[in-house]
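# Examining the three-dimensional arrangement
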Protein chains: 2
Amino acid sequence: MRDCWLVSRQAAIAVSVTAQNVTPYVNPAVPTGTPVPGNYTGGLRPQVHFSPPQHFMNDPNGMFVDANNTWHLYYQYNPTGVVAGNQHWGHATSQDLYHWENQPIALFPPEKNVFVFSGSAVVDVNNTSGFFPDQDNGVVAITTLARYYDDGSAGPQTQGLAYSLDGGYTFEYYDGNPVIDSSSSQFRDPKVIWYEDHWVMVIAFAQEFVVGIYTSPNLINWTHASNFSHHGLLGAQYECPNMVKLPIRDSVGGAVVDEAYVIAVSVQPGAPLGGSITQYFPGTFNGTHFETFDSATRLTDFAKDNYAAQYFYGTPDGSNAINMGWASNWQYAQTVPTGNLEGWRSAMTLPRENYLTNATRIGWIMANELVDITPVLDTPLNTTTFEGNGSIAVDYSSVSSGTLYIEANVTGLNASTVTSASTLNISFTSPSSGETIRSGYYFGGDQPYFIDRGLVRGFDNIFFTDKFSTADVWNATSGSWRVQAVIDRSILEIFLEGGVHAATTLFFPKEPLTIMSLATAGLPAGVEVSVAVWSVQSAWAEYENEQGTVLGNVTDSDIGNATARRDMIYEATWSV
Amino acid sequence: MRDCWLVSRQAAIAVSVTAQNVTPYVNPAVPTGTPVPGNYTGGLRPQVHFSPPQHFMNDPNGMFVDANNTWHLYYQYNPTGVVAGNQHWGHATSQDLYHWENQPIALFPPEKNVFVFSGSAVVDVNNTSGFFPDQDNGVVAITTLARYYDDGSAGPQTQGLAYSLDGGYTFEYYDGNPVIDSSSSQFRDPKVIWYEDHWVMVIAFAQEFVVGIYTSPNLINWTHASNFSHHGLLGAQYECPNMVKLPIRDSVGGAVVDEAYVIAVSVQPGAPLGGSITQYFPGTFNGTHFETFDSATRLTDFAKDNYAAQYFYGTPDGSNAINMGWASNWQYAQTVPTGNLEGWRSAMTLPRENYLTNATRIGWIMANELVDITPVLDTPLNTTTFEGNGSIAVDYSSVSSGTLYIEANVTGLNASTVTSASTLNISFTSPSSGETIRSGYYFGGDQPYFIDRGLVRGFDNIFFTDKFSTADVWNATSGSWRVQAVIDRSILEIFLEGGVHAATTLFFPKEPLTIMSLATAGLPAGVEVSVAVWSVQSAWAEYENEQGTVLGNVTDSDIGNATARRDMIYEATWSV
């Protein structure tokens, strides 16, 4: 997309930016100008998933990658409590999508009785907005300003801009806000991308089940272009729409052969598994109208803890997109035990690379491939290859992060010899409490992969569903199947077949899970199982002071290492 | 639809029906000419849900109502085992949709190495087929003949006819079968209806995610008319499509204002909750092509135990349709404990009336309203009305059926006074084992209704998900909300708001659940809660001999009572 920035036919439109600054409302309890300190050592605190230093986080917002390959993650943030409310935009940056540096809060409410709801950000290299006469790295945040009344009821949700002269660290509100006015309390979550010669916004008319598509030459003047309405699962609300251009690859992990667009829509409440879920629709976009390839409804995740994912703005045209989602579900996000035990609630999913391809039997799929995790890989704890049936057990109680990366590659599969008794199981257990996460795959029959968190007992909630599964048809042509897993204290993520299916699952053990086992059964001779189990470094540990507190990673981070990691991940990401 | 039968423009087409009978293959282990006897007294055996006398049942098939208002239910049946296989069409009839008379097996395989898979039936009153020169009650079954090889692998699935001269009790195969040939092993489940002047079939090209629409003047010669493809959730297979004409009502339970069509598609495996699920699409049909009203995906059930529902052929034009589904899920249907404990597996859902309307906020909905249950209601155990907060407890250990019907009507709700702490909970408990099903509703917030079967412990299976929920937005205009529940030994069905949302949930307790409680909390003054709890009669008890065995209900049934019941249910059903 960077190339596109150079051909803004509308850049010549003069925009009058007045000098009157909007002074934001700063709740006295909210720190300004400094990162919020956080203790990342708690037993439930993920070590390679981003979580806020303290208090409550929900949707990822405003995500973009800048010209220096720094990834910017903003997030819906209540800096004063462990439940939703008092919405700000928290901020963190990363060179590799695994090590995150907490930054000062980026967006405060423009005035009292307004929440800064979800939105997106773009780099306005050609100064289409007029905010950046002297720079090409100006950042514009487009966000929902959600008014509420003193009795707590919701007022109008309008769309406003804030711009950053320092590359996304501090913002000023545009004094001509709102740029899209509304009297509705159900109009929110603008996501903006660049299309050839103009900006395009997708935004939710939440309770009308409509994704509005708007266009603008300058981010300030918006024209309604079309609606994408009543697609897929409706639940009781649409939220957080995304539109993203993706490469089409000729196979899973294969060569780019074309490109297409995807609209993703998050649904909350009323998803099939309860609460929140995200679905997506591949299709074509002509600058004003989106047409789906078909009328199918596809889900980004087969568990229920991945909502409102957003795609980073600014990834190179023709390369995979990258998204991260909110690893929770509104049904229990505000009651999970991390709030009372450790003073924080919610993490983001791990970063996922996205492209379109045709998967075995099920056709169009947006791959959710784990971004190369080598920046946080530590030591291989076990690498084993065996034929047919075998098992390994790894005691990882001495791994200080408590975090593992597991990969199993199975080759030599043959549909005529595999039966419904051919299985590969992966489990994680606490030897002291007996709590267990069990998961596994049946190579025959309906070829389900299942995850069961019901034997972990640190959280009782009527919406905390225990079991998830998907049908993952392995590739009979290649005779191979692959699973990757990251377990990170209270989050398990599973990736099947390089992201053809993926699942994000929270769990809250009373005692740490420290025994990992993998076993196959019923596999015929000729099937080879190659397993690698790695300990994973804490991405936070290096930023901690003697008290275990991460004050603000910026000053502590090892720039040399960060640059090396960035180059490595950049290479790994874009050189596919 | 009955009126339509009178205007068959194609009825004059002469069809040559040869006299060569096809002799079916009868496995020596399968009884012929007599109903299979069954013991319906087991502790897990539903008393008002249909289940087969013994062995394994899956999809409902061939459902129609005849001119005498007898409801015919056929079903996929393995008469020789408690897992799927050896597929026949079992048969049962009812006057009221609750009392079912077991009939002799209706369809045996036409030859060895063929299974009689799912299909449908119609009454060919105008003898379009030519099978019925002397009668207007001829029944034609249209079914998938699924060939399999000696090694167990699947052969071609072709579509064939069988016709019945005795109103659907015994069938002869048409000797011109197949009427739709195919070399595919993934082409099945024809459902036929009448449209103005011709027959219409919907059928699944299962792994291509296509519902084929065929037309025929005579049930014998079929023309491919169009495809309805890649709609909604795909999972890894489409199965058991239905097309049905439904009235459109001006509100839930309101007056008929128009009519439309629905295509329902069952998906298996790979549903969002795991395994099997059914989705539907309202739209228009012109005799050859179906167009959806919108691109939304709607599910028939918010739990995971309702699959492959079929709509009875022959319900009067302009009246609600009626469907029943298979109350199970392929993920565990063949392993549930009823097989080993009691020699049977699977029940059907209770009958549900269907129409289209616009529900509060969520728009188009196909109501799944419980068919009037009065034919099996016994004694009111508790009728209580209270204002605001209250509770009742009912010990139903003395109810011999173990089956209850519960209805709660809440009125006087006001959005400004109801909070997220306003709840209504219904639970069922075993005082000896402590096993509990909990369920309930939050009147505020996201307005979820939840069901949790995870505290019932008679079945451990990695796919037996514990918790289900939906967002059920109550009607702020009327200020009312309604829940109905039927608990029947090992099945719980929940109906919200007259079928705006419905759920079917299996559970397998170690000890019978015998304490029912209902309690409200956090409800403001002015809210009235009216509760009725009824014991429900066993629909099987009256057919049992001294040994507790239901041999064949036909000869035992009280025709007088049955007629009275039929009239009552008919009145209740069609007089809306």
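Nothing here was measured: the structure is a model prediction, and the numbers come from that model.

According to UniProt, the positions carrying the feature "domain: Glycosyl hydrolase family 32 N-terminal" (unreviewed entry) are residues 49–357 of chain A. Structurally, residues 49–357 of chain A comprises 2% helix and 52% strand, and the distance from its first C-alpha atom to its last is 27 Å.

So, on to the relation of the copies chain A and chain B. In the superposition of chain A on chain B (RMSD 0.0 Å, axial shift 0.0 Å), the rotation amounts to 180°. On the angle and the small slide along the axis, the relation comes out as a two-fold axis. Most of the interface of chain A is mirrored in chain B, where 100% of its interface residues again form contacts.

Here we come to unusual backbone geometry. Of note, the amide linkage connecting A:Asn177 to A:Pro178 takes the cis form, showing an omega dihedral of 0°. A cis amide bond links B:Gln268 with the next residue in sequence, B:Pro269, at an omega value of -10°. Position of B:Pro269 relative to the elements: it lies in the loop between strand 16 (256–267) and strand 17 (277–285). We note that A:Leu97 has phi near 75°; this positive angle belongs to a residue other than glycine. For A:Leu97, the position within the fold is in the loop between strand 4 (88–94) and strand 5 (100–107). For B:Asn86, which is not a glycine, the phi torsion comes out positive at approximately 55°. Here B:Asn86 shows up in the loop between strand 3 (71–78) and strand 4 (88–94).

Residue and element names in this part refer to chain A. What the six strands build is an open sheet, ordered 26-35-28-29-30-31; its pairing is antiparallel. The open sheet is flanked by strand 26 (391–395) and strand 31 (467–471), the only strands paired with a single partner. Averaged over all neighbouring strand pairs, the angle between strand axes comes to 10°, with direction disregarded. Both strand 29 (residues 436–442) and strand 30 (residues 448–455) contribute to a ladder of five bridges, which runs antiparallel. Considered in strand 30, the bridge of Gly440 is made with Phe450.

Let us look at the UniProt feature "domain: Glycosyl hydrolase family 32 C-terminal" (unreviewed entry) in chain A. Following the UniProt record, the feature "domain: Glycosyl hydrolase family 32 C-terminal" (unreviewed entry) maps to residues 397–534 of chain A here. Helix makes up 0% of residues 397–534 of chain A and strand 51%, and the two end C-alpha atoms of the span are 13 Å apart.

On to the environment of A:Ile105, then. All names here are of chain A. Positionally, Ile105 belongs in strand 5. Counting along the chain gives 65 residues from Ile105 to Thr170, while the straight-line C-alpha distance between them is 8.2 Å. The residues touching Ile105, leaving out its near neighbours within four places in the chain, are Val30, Pro31, Val36, Tyr77, Pro79, His88 and Trp89.

A few words on the sheet that holds strand 5 of chain A. Residues and elements named next belong to chain A. With mixed pairing, the five strands of this open sheet are ordered in space as 5-4-3-2-22. The open sheet has two free edges, formed respectively by strand 5 and strand 22 (344–345), since each of these has just one partner strand. In the sheet, strand 3 (residues 71–78) pairs with strand 4 via seven bridges, with the strands oriented antiparallel. Paired with Tyr75 across the strands is Gly90, a residue of strand 4.

What follows is about the interface of chain A and chain B. Opposite the 43 residues of chain A that make contact, chain B presents 44 residues. Between chain A and chain B lies a buried interface of about 3,600 Å² when both sides are counted; carbon and sulfur atoms form 55% of it. The three residues of chain A that bury the most area against chain B are A:Arg361, A:Ile462 and A:Lys467, which together make up 19% of that side's buried surface. Across the contact surface, chain A and chain B share two salt bridges. A salt bridge links B:Asp460 to A:Arg438, with the shortest nitrogen-to-oxygen separation between them at 3.1 Å.

With the rule as written, the count across this model stands at 84 aromatic pairs over all chains. Between the aromatic rings of A:Phe187 and A:Tyr214, the centroid separation amounts to 6.4 Å while the plane-to-plane angle is 55°, which identifies the pairing as tilted. Of the two residues, A:Phe187 is situated in strand 10 (residues 187–195) and A:Tyr214 in strand 12 (residues 210–216); the sequence distance between them amounts to 27 residues. Each member of the pair A:Phe187 and A:Tyr214 is classed as buried. Following the ring pairs from residue to residue traces out a cluster consisting of A:Tyr40, A:Phe50, A:Tyr75, A:Tyr77, A:Trp100 and A:Trp540. One cation-aromatic arrangement involves A:Arg249 over A:Tyr355; the distance from NZ or CZ to the ring centre is 5.3 Å. The lysine or arginine in question, B:Arg453, covers the ring of B:Phe464, its NZ or CZ lying 3.6 Å from the ring centre.

Moving on, we get to the side chain of B:His55. Relative to the helices and strands, B:His55 resides in strand 2 (residues 55–65). Residues contacting B:His55, with those up to four places away along its chain left out, are B:Tyr77, B:Asn78, B:Pro79, B:Thr80, B:Gly81, B:Val82, B:Gly343, B:Trp344 and B:Arg345.

Here is what the cut-offs are and how they apply
- Residues numbered from 1 in each chain as written.
- Chains lettered and ligands numbered in written order.
- Predicted model: local features only at pLDDT ≥ 70, side-chain atom pairs only at ≥ 80, totals over all residues.
- Heavy atoms only, no water.
- UniProt positions renumbered as here; feature names shortened; annotations may be inferred.
- Helix = DSSP H or I, 4+ residues; strand = E, 2+ residues; numbered from the N terminus.
- Least-squares fit on C-alpha atoms with pLDDT ≥ 70 in both.
- Contact = heavy atoms within 4.5 Å.
- Pairing = 2+ DSSP bridges.
- Axes fitted to C-alpha atoms, helices over the stretch in contact; angles between N-to-C directions.
- Buried area = accessible area lost by both parts, 1.4 Å probe.
- Salt bridge = Lys/Arg side-chain N within 4 Å of Asp/Glu carboxyl O.
- Phe/Tyr/Trp six-rings, centres within 6.5 Å; stacked < 30°, edge-to-face > 60°.
- Buried < 20%, exposed > 50% of the residue type's maximum accessible area, 1.4 Å probe, protein only.
- Lys NZ or Arg CZ within 6 Å of the ring centre and 35° of its normal.

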